[in-house]
Amino acid sequence: MGYDMFVQRFEQGDVAPLAGHAFLAVFEPRVDRREPQHNYWHISADDGGTADVYADLAGGALDSLMISRFSAGTVLDMLVKFIGLADAVVLPPGCPTLLAHEGQRHHLPEELRADAVVVQAGADVERVLQSC
């Protein structure tokens, strides 16, 4: 898909850091190219899918993550796994916020709460993106 999605964590409506260990656990095994000067990680999934991920992993935490030019399938499954481990949400442009679990809704800024959707697999993400 040709647009960017941001991944963010919120606590009581405010931005909070993402756990770096969750990023490394999910994405690092599938990294086939890095450009540290640009905080760039290229991901290649088992099903042939790819994604460009931009994340500044400093001090064991991330401020945010951006995923761009990503494939459907396993890449989106990896994204869902990451948001579950990091207690994060996905902010796709023009679409509802994607939650890893319902308990995250009350931590979102007020304007993101009503339409937020829980996703449990990459296929759920695909359905939401196709409906926007």
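Small disclaimer: the values here were computed from a predicted structure and weren't measured. (Residues numbered from 1 in each chain as written. Predicted model: local features only at pLDDT ≥ 70, side-chain atom pairs only at ≥ 80, totals over all residues. Heavy atoms only, no water.)

Caption draft 1: Here's a closer look at the packing of aromatic side chains. Under the counting rule described, the total for this entry stands at six aromatic pairs. Each ring, one from F23 and one from F27, has its centre 5.4 Å from the other, and the planes form 45°; the classification is tilted. Placement of the pair is F23 and F27 together in helix α1 (residues 20-27), with a separation of four residues, close to one helical turn. You'll find F23 and F27 in the same group, each marked buried. Measuring from ring centre to ring centre gives 5.6 Å for F27 and F82, while their planes differ by 55°; the resulting arrangement is tilted. Of this pair, F27 sits in helix α1 while F82 sits in helix α2 (residues 74-86), placing them 55 residues apart in sequence. (Phe/Tyr/Trp six-rings, centres within 6.5 Å; stacked < 30°, edge-to-face > 60°. Helix = DSSP H or I, 4+ residues; strand = E, 2+ residues; numbered from the N terminus. Buried < 20%, exposed > 50% of the residue type's maximum accessible area, 1.4 Å probe, protein only.)

Caption draft 2: Fine view of the side chain of H42. Relative to the assigned elements, H42 resides in strand β5 (residues 40-44). The class for H42 is buried, based on a relative accessible area of 11%. Among the polar contacts made by the side chain of H42, one reaches the side chain of D32 at a distance of 2.7 Å. Those residues in contact with H42 that sit more than four places away from it in its chain are R30, V31, D32, R33, T50, A51 and D52. (Polar contact = N/O pair within 3.5 Å; in protein donor to acceptor, adjacent residues only side chain to side chain. Contact = heavy atoms within 4.5 Å.)

Caption draft 3: Layout of the environment of F10. Looking at the secondary structure, you find F10 in strand β1 (residues 5-11). In this structure, the C-alpha to C-alpha distance between F10 and H107, residues 97 residues apart in sequence, is 5.7 Å. Those residues within four positions of F10 in sequence are excluded, and the remaining contacts are V15, A16, V89, L91, H107, L108, P109 and L112.

Caption draft 4: How the structure looks around the state of the cysteines. Evaluated as defined, the whole model comprises one disulfide. Across the disulfide, C95 is cross-linked to C132 (sulfur-sulfur distance 2.2 Å). A residue pair is termed long-range when its members are at least 10 positions apart, and C95 in the loop between β9 (89-91) and β10 (98-99) and C132 in the segment after α4 (122-131) qualify at 37 residues. (Disulfide = S-S within 2.5 Å.)

Caption draft 5: Highlighting the nonpolar core. Among the nonpolar cores identified, the biggest contains 34 residues, and F23, L65, I67 and F82 are the most heavily contacted of them. If you list the elements that add at least two residues to this core, you get β1, α1, β5, β6 (50-55), β8 (65-68), α2 and α4. Take this core: its biggest share by element is eight residues, from α2. Once residues lying within four places of it in the same chain are set aside, the contact partners of F82 are V7, L18, A19, A22, F23, V26, F27, L62 and L65. Ranked by size, the runner-up nonpolar core spans five residues in total, among them F10, L99, L108 and A116. (Core = buried A, V, L, I, M, F, W, Y, C linked by side-chain atoms within 4.5 Å.)

Caption draft 6: View of the pairing of β1. Where burial is concerned, most of β1 is hidden: five out of the seven residues are buried. Of the strand pairs in this sheet, β1 and β8 are connected by three bridges, and their pairing is antiparallel. Residue pairing in the sheet places V7 in a bridge with L65 of β8. As paired elements, β1 and β9 share three bridges and run antiparallel to each other. Directly across from V7, in β9, lies its bridge partner V90. Where β1 meets strand β2 (residues 14-16), three bridges bridge the pair, whose relative direction is antiparallel. Looking across to β2, one finds that F10 is bridged to V15. Following β1, the chain reverses through two residues before pairing antiparallel with β2; Q12 in that reversal takes a positive phi of roughly 50°. (Pairing = 2+ DSSP bridges.)

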